[in-house]
Amino acid sequence: SGGLDSTTTLAIAKNQGFEVYALSFDYGQRHRVELERAKIIAQKLEALDHKIMTIDLSQFGGSTLTDSIDVPTNRDEEEMSLEIPITYVPARNTIFLSFCLAYAEVKKAGNIFLGVNAVDYSGYPDCRPEFIAAFEILANLATKVGVEGKEKLKIHTPLIQLTKADIIRRDIELGVDYSLTLSCYNPREEGTTCGVCDSCLLRLKGFSQAGLKDPIE
Ligand code: ZN
């Protein structure tokens, strides 16, 4: 996406010496403006290619990100963690990873990087290490490259156990310009952030804990 986590993940993959093919999704999200940011970030971080897949999950709805349900605002972390948030998009990461798997197989790539995080959003079932481990098994069962290949497909989630502050610190070490990133679930039309959705609040908290000021408005 055009957010902090995806950007940091891309920077980490590059830093580890991988050649990166980036994949973003236009899935009917209300914060579609993130795709414009993702394009710029992929170019800046020298991804070899950046594809944007269109899969219209708004036809299903069922999430405040893809449906006309209000994005929750001004919630404290206790409220955020009480139940799986309405910002959860049904099966989103399973769908995304399936597309990644197809792309990886065509590119003969053995490594998939995903910017999921299990710390700040303990509520998202498809951000948990158990889910990633299960998908990795599936990836090796489901593909020609997994069955015939000498190398097993691996799913890397370098941020999964990091706090937002850790992620921001990592970003700075890697020299990432996070003024380009956009994390808001409900940005204004001109692309500025709301400052009160869960994603904005966690980002603000992360910067504050890292002792830094977020460069975006
Ligand atoms: Zn926001």
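Keep in mind that what you see is a predicted model, and the values were worked out from it rather than measured.

A. Highlighting the overall build of the chain. For the chain, the count of helices and strands is 8 helices and 4 strands. The helix and strand sequence of the chain, counted from the amino end, reads α-β-α-β-α-α-β-α-α-β-α-α. Taken over the C-alpha trace, the chain has a radius of gyration of 17 Å; the compact-globule value for 217 residues is 17 Å, and the two agree within 12%. With the principal axes as the frame, the chain shows a C-alpha extent of 50 × 40 × 30 Å. Accessible surface computed for the chain: about 11100 Å², of which carbon and sulfur atoms make up 51%. Measuring between centres, the 23 positive side-chain charges of the chain sit 6 Å from its 31 negative side-chain charges.

B. Representation of the environment of Pro125. Mapped onto the elements of the fold, Pro125 is located in the loop between strand S3 (111–113) and helix H5 (129–142). The partly exposed category is assigned to Pro125, whose relative accessible area is 24%. On a C-alpha basis, the gap between Pro125 and Ile84 in space is 7.9 Å, while along the polypeptide they are 41 residues apart. If we ignore the near neighbours within four places in the chain, the residues touching Pro125 are Ile84, Tyr88 and Phe131.

C. Structural detail: the pairing of strand S1 (residues 21–26). Where burial is concerned, most of S1 is hidden: 5 out of the 6 residues are buried. For S1 and strand S2 (residues 49–54), the ladder comprises 6 bridges, and the chain directions are parallel. Counterpart to Tyr21 in the pairing with S2 is Asp49. Traced from S1 through helix H2 (residues 34–44) to S2, the parallel crossover comes out right-handed.

D. Region of the structure containing the coordination of the zinc ion. Every protein donor of the zinc ion is listed here as Cys184 (SG), Cys194 (SG), Cys197 (SG) and Cys200 (SG), and their distances to the metal cover 2.3 to 2.4 Å. Coordination at the zinc ion comes from 4 donor atoms whose angles at the metal span 103 to 119 degrees, giving a geometry best classed as tetrahedral. Look at Cys197 and you get buried, because its relative accessible area is 0%. With relative accessibility at 6%, the residue Cys200 sits in the buried group.

E. How the structure looks around the layout of surface pockets. Counted as a void, the second largest pocket has a volume near 170 Å³. Along the walls of the second largest pocket sit Glu105, Lys108, Ala109, Gly110, Val145, Gly149, Lys150, Glu151, Lys152 and Leu153, which together make up its complete lining. Of the residues in the lining of the second largest pocket, the class split is 3 nonpolar, 2 polar and 5 charged.

F. View of helix H7 (residues 164–173). Within the span of H7, buried status applies to Lys164, Ala165, Ile167, Ile168 and Asp171. Each buried residue of H7 sits inside an arc of 160 degrees when the element is viewed along its axis, so together they form one side. Where H7 is buried, its residues touch helix H1 (4–15) and helix H8 (198–209). Downstream of H7 by a residue or two, Gly175 has a phi angle that is positive, lying close to 75 degrees.

G. Inspection of empty space enclosed by the protein at higher detail. Within the structure shown, the criterion is met by 1 cavity of 30 Å³ or more. What lines the largest cavity is Thr87, Tyr88, Val89, Arg92, Asn93, Tyr124 and Asp126. When the residues that make up the lining of the largest cavity are grouped by side-chain class, the tally is 3 nonpolar, 2 polar and 2 charged.

H. Local environment of H2. Taken together, the buried positions of H2 are occupied by Glu34, Leu35, Arg37, Ala38, Ile41 and Ala42. Summarising the axial view, the buried residues of H2 lie within an arc of 150 degrees, below the 170-degree limit, and thus occupy one face. Residues Gln43 and Lys44 are exposed on H2 and point more than 90 degrees away from its buried face. Where H2 is buried, its residues touch H1, S1 and S2. Positive phi shows up at Glu46, right after H2, with a value of about 60 degrees.

Parameters and conventions
Residues numbered from 1 in each chain as written. Predicted model: local features only at pLDDT ≥ 70, side-chain atom pairs only at ≥ 80, totals over all residues. Heavy atoms only, no water. Helix = DSSP H or I, 4+ residues; strand = E, 2+ residues; numbered from the N terminus. Rg over C-alpha atoms; globule rule 2.2 N^0.38 Å. Areas by Shrake-Rupley, 256 points an atom, 1.4 Å probe, with all protein chains shown as cover. Lys, Arg positive; Asp, Glu negative; His and termini not counted. Charge placed at Lys NZ, Arg CZ, Asp CG, Glu CD. Buried < 20%, exposed > 50% of the residue type's maximum accessible area, 1.4 Å probe, protein only. Contact = heavy atoms within 4.5 Å. Pairing = 2+ DSSP bridges. Right-handed = clockwise from strand over helix to strand, strands pointing away. Donors = N, O, S within 2.8 Å, 3.2 Å for Na, K, Ca; no water. Tetrahedral: all angles 85-135°; square planar, octahedral: opposite > 155°, others 65-115°. 1 Å grid on protein atoms, 1.4 Å probe; cavity = no way out; pocket = protein on both sides within 12 Å on 5 of 7 lines; lining within 4 Å. Points joined across faces, edges and corners; volume = space filled by probe spheres on them. Nonpolar A, V, L, I, M, F, W, Y, C, P; charged D, E, K, R; others polar. Arc of directions from axis to C-beta.

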